Amino acid sequence: MLIALASDHGGFDLKEAVKKHLEKRGFETLDLGTDSAAVSVDYPKYGELCGRTVASGEADLGVVCCGTGIGISMAANKVPGVRCGLCTDTYMATMTKRHNNANILALGGRVLTVDEALPIVDAWLDTEFEGGRHQRRIDMLDDIR
Ligand code: RB5
């Protein structure tokens, strides 16, 4: 499984920690940038890039990080086919896979510590989509243009 990662400067440190964690767990990663916390960059560019990488099938899943996780999740969700869930705890992470089948997870580097964020990543990765009525609702999401 290939997991794409992207962040702005506000999410850079968390992206790096998530990347290390994913690789330790045996996942392949595709780092789409940014490459420093020191240089201010625009989160819409990185959210869109990760969104397009996942929506095209180039990567199976994605993780995006900015300061709050809000802006970069908004950008990713503009890409048709993306279901990006911004999560601040493991319950949200579990439910955004179980019910929303989120193909991108958004995290806030200025909101969460690494110790808080990594269990959120694991909860999202280790939960299965329930399907059934939730598939119908996801189809409704896809119909919104
Ligand atoms: C950048 O300062 C900050 O606005 C960004 O990382 C993010 O929090 C936006 O939603």
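This write-up is about the structure you can find in this document. (Residues numbered from 1 in each chain as written. Predicted model: local features only at pLDDT ≥ 70, side-chain atom pairs only at ≥ 80, totals over all residues. Heavy atoms only, no water.)

Glancing now at the environment of Ala106. With respect to the secondary-structure elements, Ala106 resides in strand E5 (residues 104-108). If near-sequence neighbours (up to four positions away) are discounted, Ala106 is found in contact with Val64, Gly69, Ser73, Cys84, Gly85, Leu86 and Cys87. (Helix = DSSP H or I, 4+ residues; strand = E, 2+ residues; numbered from the N terminus. Contact = heavy atoms within 4.5 Å.)

With that settled, the discussion passes to the site of the ligand. Lining the immediate environment of the ligand, one finds Asp8, His9, Tyr43, Cys66, Gly67, Thr68, Gly71 and Arg110. One nitrogen or oxygen atom from the side chain of Asp8 is found 2.6 Å from an oxygen atom belonging to the ligand. Summarising the interface, the protein chains cover 71% of the accessible area of the ligand, which totals 290 Å² for the free molecule. Of the residues contributing to the shell around the ligand, the split by class is two nonpolar, four polar and two charged. (Near = heavy atom within 4 Å. Polar contact = N/O pair within 3.5 Å; in protein donor to acceptor, adjacent residues only side chain to side chain. Areas by Shrake-Rupley, 256 points an atom, 1.4 Å probe, with all protein chains shown as cover. Nonpolar A, V, L, I, M, F, W, Y, C, P; charged D, E, K, R; others polar.)

Read across the open sheet, the five strands follow the order E2-E1-E3-E5-E4; overall the sheet is parallel. Across the chains shown, the open sheet's two edge strands, defined by having one partner strand only, are strand E2 (28-31) and strand E4 (84-86). If you compare each strand with its neighbour and ignore which way they point, the axes differ by 25 degrees on average. Here five bridges tie strand E3 (residues 61-66) to E5, and the two strands are oriented parallel to one another. What sits directly across from Cys66, in E5, is Gly108. Set on the sheet, helix H2 (residues 43-55) makes contact with strand E1 (2-7), E2, E3 and E5; between it and E3 the angle comes to about 175 degrees. (Pairing = 2+ DSSP bridges. Axes fitted to C-alpha atoms, helices over the stretch in contact; angles between N-to-C directions.)

With respect to the secondary-structure elements, Thr96 resides in helix H4 (residues 90-98). Here Thr96 falls in the buried class, since its relative accessible area comes to 8%. Reaching out from Thr96, the side chain makes a polar contact with the side chain of Asn100 at a distance of 3.1 Å. (Buried < 20%, exposed > 50% of the residue type's maximum accessible area, 1.4 Å probe, protein only.)

Glancing now at the packing of H2 against helix H3 (residues 70-77). Close contact between H2 and H3 brings their axes to 7 Å; oriented N to C, the two are set at 45 degrees. Comparing the axis directions of H2 and H3 gives the class oblique. The handedness of the crossing between H2 and H3 comes out as right-handed. Seen from H2, the contacting residues are Tyr43, Pro44, Tyr46, Gly47, Glu48 and Gly51; seen from H3, they are Gly71, Ile72, Ala75 and Ala76. The class makeup of the residues in the contact of H2 with H3 is six nonpolar, three polar and one charged. (Parallel < 35°, antiparallel > 145°, perpendicular 65-115°, else oblique. Left-handed = near helix turned anticlockwise from the far one by under 90°.)

Our next topic: the packing of H4 against helix H5 (residues 114-125). Across the interface, H4 lies against H5 with an axial gap of 8 Å and an inter-helix angle of 25 degrees. Of the possible angle classes, the one that applies to H4 and H5 is roughly parallel. Here H4 and H5 pass one another in a crossing that is right-handed. Between H4, through Thr90, Ala93, Thr94, Thr96 and Lys97, and H5, the contact on the second element is made entirely by Pro119, Ile120, Ala123, Trp124 and Leu125.

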